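The residues making up each chain are set out below.
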Amino acid sequence: MTRDFLDVDDLTGEELETVLDRAAAIKADEGPGAQPAPLADETLAMIFEKPSTRTRVSFETGMTQLGGHAIFLGPNDIHLGHGEPVKDTARAVGRYADLIMARVFDHADVETIADYADVPVINGLSDDAHPCQTLADLLTIRERFGFEDTTVAWVGDGNNVAQSFAIGAALVGLDLVVATPEGYGIDDDVLERAAELGTAPAVVDDPETAVEGADVVYTDVWVSMGEEDERAEKLREFEGFQVTTDLLGDRPLMHCLPAHRGEEVTDEAIESDNAIVWDQAENRLHAQNGLLVWLDEQ
């Protein structure tokens, strides 16, 4: 049966650990999945409604490293949602490619692609979830701290990155404390899913409280793609939630990038020695390589 990766809990806790193990082995060029060209002669179709630096470059580079090939399909290249139904695009692309990665606005679209394509489908980002980022985040935290007795403080918007990370944290046993302004928290259904999988994050309304006792601080943009009309309002609502060097202290800083310097994080903080954002960005490549090989084996 074809497996898809639309959010982190499409994997069990054991499967998630296996994917991370595979990613670490490929990164170290050793162990299962690190053999030359495990995806030889295979093609990844990359469907992009939203632009990206890290998602495109990491997936395309990864397929090359794994011996395969990636095709970029931008909004002007195919008829996704205009000219033909999403399900028809999925059926056709699934007949050509061995795997599909889709980076879309509406999460329902990536679900439709998975329903109608007969190959594994990966959510490269949707408005609801960013599971590939969570894989990279967990790989980075595992390399630095391990998961046992590690606490992460999330400061900022309870957006798609935060929601997938909350699910991932629950699956691996990370302690997570989330500080967001009122009305911008993680969705209740995500909190419920996290509780069922392990432990739901602790929710507070003050960044200082969130970072107290934390091993690492994580933030992301306050204004995501597609929210530009809400920019002025969100900048007002998020006053006091900026990650500064004072808030950070000696804790490592994570950010999924791109960063809006001067908004959710100061330039000084992201340029400091505490920032591990570039290790985190690099791990997009390795984590996705592990995922691609694992999905291909199912």
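One can find the structure itself at the top, above this paragraph.
Residues numbered from 1 in each chain as written. Predicted model: local features only at pLDDT ≥ 70, side-chain atom pairs only at ≥ 80, totals over all residues. Heavy atoms only, no water.

Asks: Explain the overall build of the protein residue by residue, including any values.
Replies: Scanning the protein for helices and strands turns up 12 helices and nine strands. Taking 19 Å as the expected radius of gyration for a compact globule of 298 residues, we find that the protein reaches 19 Å, a close match to that expectation. Considering only C-alpha atoms, the protein reaches an extent of 50 × 45 × 35 Å along its principal axes. Burial statistics for the protein: of 298 residues in total, 55% are counted as buried. Summarising the internal contacts of the protein: among those between residues at least 6 apart in sequence, 73% fall at separations of at least 24. Total accessible area on the protein is roughly 12,700 Å²; 44% of this is exposed by carbon and sulfur atoms. Charged side chains in the protein number 19 positive and 62 negative. The centres of these two groups are separated by 5 Å. (Helix = DSSP H or I, 4+ residues; strand = E, 2+ residues; numbered from the N terminus. Rg over C-alpha atoms; globule rule 2.2 N^0.38 Å. Buried < 20%, exposed > 50% of the residue type's maximum accessible area, 1.4 Å probe, protein only. Contact = heavy atoms within 4.5 Å. Areas by Shrake-Rupley, 256 points an atom, 1.4 Å probe, with all protein chains shown as cover. Lys, Arg positive; Asp, Glu negative; His and termini not counted. Charge placed at Lys NZ, Arg CZ, Asp CG, Glu CD.)

Asks: Talk me through the sheet that holds strand E5 (residues 151-155); I want residue IDs and the actual numbers.
Replies: Read across the sheet, five strands follow the order E7-E6-E5-E8-E9 without closing on themselves; strand pairing throughout is parallel. Only two strands of the sheet have a single partner each, and these edge strands are strand E7 (202-204) and strand E9 (253-255). Averaged over all neighbouring strand pairs, the angle between strand axes comes to 25°, with direction disregarded. Sheet analysis places E5 next to strand E8 (residues 216-219), joined by three bridges and oriented parallel. Bridged to Ala153 within E8 is Val217. Here helix H12 (residues 277-297) sits on the sheet in contact with E8 and E9, set at roughly 40° to E9. (Pairing = 2+ DSSP bridges. Axes fitted to C-alpha atoms, helices over the stretch in contact; angles between N-to-C directions.)

Asks: Which residues make up the pattern of salt bridges, and what values go with them?
Replies: When the charged atoms of two side chains with opposite charge come close together, those side chains can pair. Inspection of every chain in the model, using the stated rule, returns 15 salt bridges. One salt bridge in this structure joins Arg142 and Asp21, with 2.8 Å as the shortest N-O distance. Here Asp21 lies in helix H1 (residues 13-27) and Arg142 lies in helix H5 (residues 131-144), a separation of 121 residues in the sequence. What makes Arg142 partly exposed here is its relative accessible area of 22%. Lys234 is the salt-bridge partner of Asp157, the closest N and O atoms lying 2.9 Å from each other. In this pair, Asp157 sits in the loop between E5 and helix H6 (160-172) while Lys234 sits in helix H9 (residues 231-237), placing the two residues 77 residues apart along the sequence. Through salt bridges with shared partners, one network takes in Asp7, Asp9 and Arg193. (Salt bridge = Lys/Arg side-chain N within 4 Å of Asp/Glu carboxyl O.)

Asks: How would you explain the packing of aromatic side chains if you had to name every residue and give the values?
Replies: For the coordinates displayed, the defined rule picks out six aromatic pairs. When the ring of Phe48 is compared with that of Phe72, the centres are 5.1 Å apart and the planes differ by 35°; the resulting orientation is tilted. Pair noted here: Phe48 is in strand E1 (residues 43-48) and Phe72 is in strand E2 (residues 69-73), with a separation of 24 residues, a long-range link. For Phe48, a relative accessible area of 3% corresponds to the buried category. Consider the rings of Trp222 and Phe238, whose centres lie 5.3 Å apart with planes at 25°: the pair is stacked. One end of the pair, Trp222, is in the loop between E8 and H9; the other, Phe238, is in the loop between H9 and helix H10 (245-248), with 16 residues separating them in the sequence. Taking relative accessible area as the criterion, Trp222 reaches 4% and is therefore assigned buried. Lying over the aromatic face of Phe72, Arg56 brings its terminal NZ or CZ to 4.0 Å of the ring centre. (Phe/Tyr/Trp six-rings, centres within 6.5 Å; stacked < 30°, edge-to-face > 60°. Lys NZ or Arg CZ within 6 Å of the ring centre and 35° of its normal.)

Asks: Now, about helix H4 (residues 107-116): what can you tell me, with residues and values included?
Replies: Residues of H4 that are buried: His107, Asp109, Val110, Ile113 and Ala114. Down the axis of H4, the buried side of the element spans an arc of 160°, and every buried residue falls inside it. The N-terminus of H4 is capped by Asp106, whose side-chain oxygen sits 3.0 Å from the backbone nitrogen of Ala108. (Arc of directions from axis to C-beta. Polar contact = N/O pair within 3.5 Å; in protein donor to acceptor, adjacent residues only side chain to side chain.)

Asks: Can you tell me about the environment of Val110, naming the residues and giving the values?
Replies: One can find Val110 in helix H4. Remark: the alpha-carbon pair of Val110 and Ala92, spanning 18 residues in sequence, is separated by 15 Å.

Asks: So what's going on with the sheet that holds E2? Residues and values would help.
Replies: Ordered in space as E2-E1-E3-E4, the four strands form an open sheet in which the pairing is parallel. Two strands lie at the open edges of the sheet, namely E2 and strand E4 (121-125), each paired on one side alone. On average, each strand axis in the sheet is tilted by 20° relative to the strand beside it, whichever way the strands run. Judged from the five bridges that link them, E1 and E2 form a sheet pairing that is parallel. Along E2, the bridge assignment pairs Ala45 with Ile71. Where H4 meets the sheet, its contacts fall on E1, strand E3 (99-103) and E4, and the angle it forms with E4 comes to roughly 165°. The strands touched by H12 are E1, E3 and E4; relative to E4, the strand with the most contacts, the crossing angle is about 160°.

Asks: Go over the pairing of E1, please, and point to the residues and values.
Replies: Each regular strand displays side chains that alternate between the two surfaces of the sheet. Counting buried residues in E1 gives six out of six residues, a clear majority hidden from the surface. Of the two faces of E1, the one lined by Thr43, Ala45 and Ile47 and the one lined by Leu44, Met46 and Phe48 are each fully buried. Where E1 lies against E3, five bridges are found, and the strand directions are parallel. When the bridges of E3 are listed, Met46 appears paired with Met101.

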